[in-house]
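Notes for the structure review
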Amino acid sequence: MSLADLTLARWRSFDASAAHRLAREAAGLVDGRVVAVETVEQLGGPLHRVCVERGGRRFALVPGGPVSLGFDPDRWRSAPGQDADYARSAEQGYGRGPDLRAHLALELSPARSAVLPAVLMAVEDEGVEDRVADSLAELPGALAVEGLRLPSADEWEHGCGAGAGTLFRWGDDCPLDRDPCDDPSGPHQGLNAFGLRIAYDTYRAELSTDPGSVHGGDGGESVCGGYGALLGWLPLATAHRNAAMAQFVRGPEGEDVGDGLSLRPVLDL
């Protein structure tokens with residue numbers, strides 16, 4: 001089996017010995033070294049985290065295979081307090097739908113299935129301004145020099161949610177008495193199930209190969225705009241795409257690369 005064909009379901013079936021063996025194989029394919037292999041609890045069972053270092057950058061192993069992505073409004077149920085919080089925001093003129101479910105259906109990517117390769121994904125996102133001088137069109141070439149690429153939108157979502165299927169990577173709930181910027185010990189601060197530091201700061205906004213999406217943040221717009229508690233957390237939702245910001249940063253007015261725009265390099269296996 002090629003490592004690129006490693007599915008999340010099969011990865012979950014491996015014991016610690018097999019996980020260490022696959023970790024060494026993955027590191028060898030990219031001329032890297034295994035930094036850590038650990039086991040965490042996720043979705044009621046064990047999940048192995050693998051961290052590989054290559055060229056001073058740390059990557060997490062993200063198994064692929066058949067995955068479910070996006071937001072299904074017919075199956076989703078709000079957490080306590082979320083509907084009322086959204087209603088207060090809507091009264092102030094924020095929000096895109098008559099209720100929270102309608103708003104989420106407009107803001108999040110649609111429910112869908114995909115088949116993805118297993119990859120190594122950078123643990124930390126990196127500032128775009130550190131890689132390109134003039135425009136975002138330079139990004140693919142700048143990454144390719146190091147054998148890297150941008151993730152697809154589906155890969156980013158899968159890497160963030162790790163199969164959880166919840167609104168946020170940690171669950172459906174979020175604190176409604178503070179915004180994520182004022183919560184240094186909140187659920188967004190830790191590594192996710194795959195070992196990625198992802199969807200952790202609404203002032204960040206990560207690019208993928210999808211020109212109509214940014215991920216993991218909105219440049220701080222929701223917090224600075226006073227949208228309300230839940231809408232302040234929503235840019236961290238796994239399936240959040242922020243089409244309006246994506247259109248701006250990839251349009252003529254967004255050609256100057258600014259602070260807060262970032263990327264998460266991917267290594268193919």
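Notes on the structure follow. All figures in this text were calculated on a predicted structure; none of them were measured in a lab.

Criteria and thresholds
Along every chain, residues carry numbers that run from 1 in the direction the sequence is written. Reporting of local features is limited, given that this is a predicted model, to residues whose pLDDT is at least 70; pairs of side-chain atoms are given and counted only at 80 or more, and all residues count toward the totals for whole chains, interfaces and linings. The basis for every side-chain value is the complete set of heavy atoms in the structure, and neither hydrogens nor water enter the calculation. The rule is simple: take the accessible area with a 1.4 Å probe, protein chains only, and divide by the maximum for that residue type; under 20% is buried, over 50% is exposed, in between is partly exposed. Helix and strand definitions follow DSSP, with helices as H or I runs of at least four residues and strands as E runs of at least two, each counted in order from the N terminus. At least two bridges found by DSSP between two strands are what make those strands a pair.

Right, let's talk about helix 6 (residues 153–161) for a bit. Extensive coverage of helix 6 is indicated by the burial of eight of its nine residues. Considered for burial, the residues of helix 6 that qualify are Ala153, Glu155, Trp156, Glu157, His158, Gly159, Cys160 and Gly161. Looking one or two residues beyond helix 6, the residue adopting positive phi is alanine 162, at roughly 55°.

Okay, the environment of serine 2 next. Here serine 2 is to be found in the segment before helix 1 (8–13). Relative accessible area serves as the criterion here: at 37%, serine 2 is assigned to the partly exposed category. Linking serine 2 and alanine 118, residues 116 residues apart in sequence, is a C-alpha distance of 9.5 Å.

Attention shifts here to the pairing of strand 6 (residues 119–122). Taking every second residue as pointing to the same face, both faces of strand 6 are buried, with Val119 and Met121 on one and Leu120 and Ala122 on the other. Note that strand 3 (residues 57–62) and strand 6 share four bridges and pair antiparallel. Considered in strand 6, the bridge of phenylalanine 59 is made with alanine 122. Both strand 6 and strand 11 (residues 266–268) contribute to a ladder of three bridges, which runs antiparallel. Within strand 11, the residue paired with leucine 120 across the bridge is leucine 267.

Taken in spatial order, the four strands make up an open sheet running 7-10-8-9, and their pairing is mixed. The open sheet has two edge strands with one neighbour each: strand 7 (126–127) and strand 9 (214–215). Both strand 8 (residues 205–207) and strand 9 contribute to a ladder of two bridges, which runs antiparallel. Paired with leucine 207 across the strands is valine 214, a residue of strand 9.

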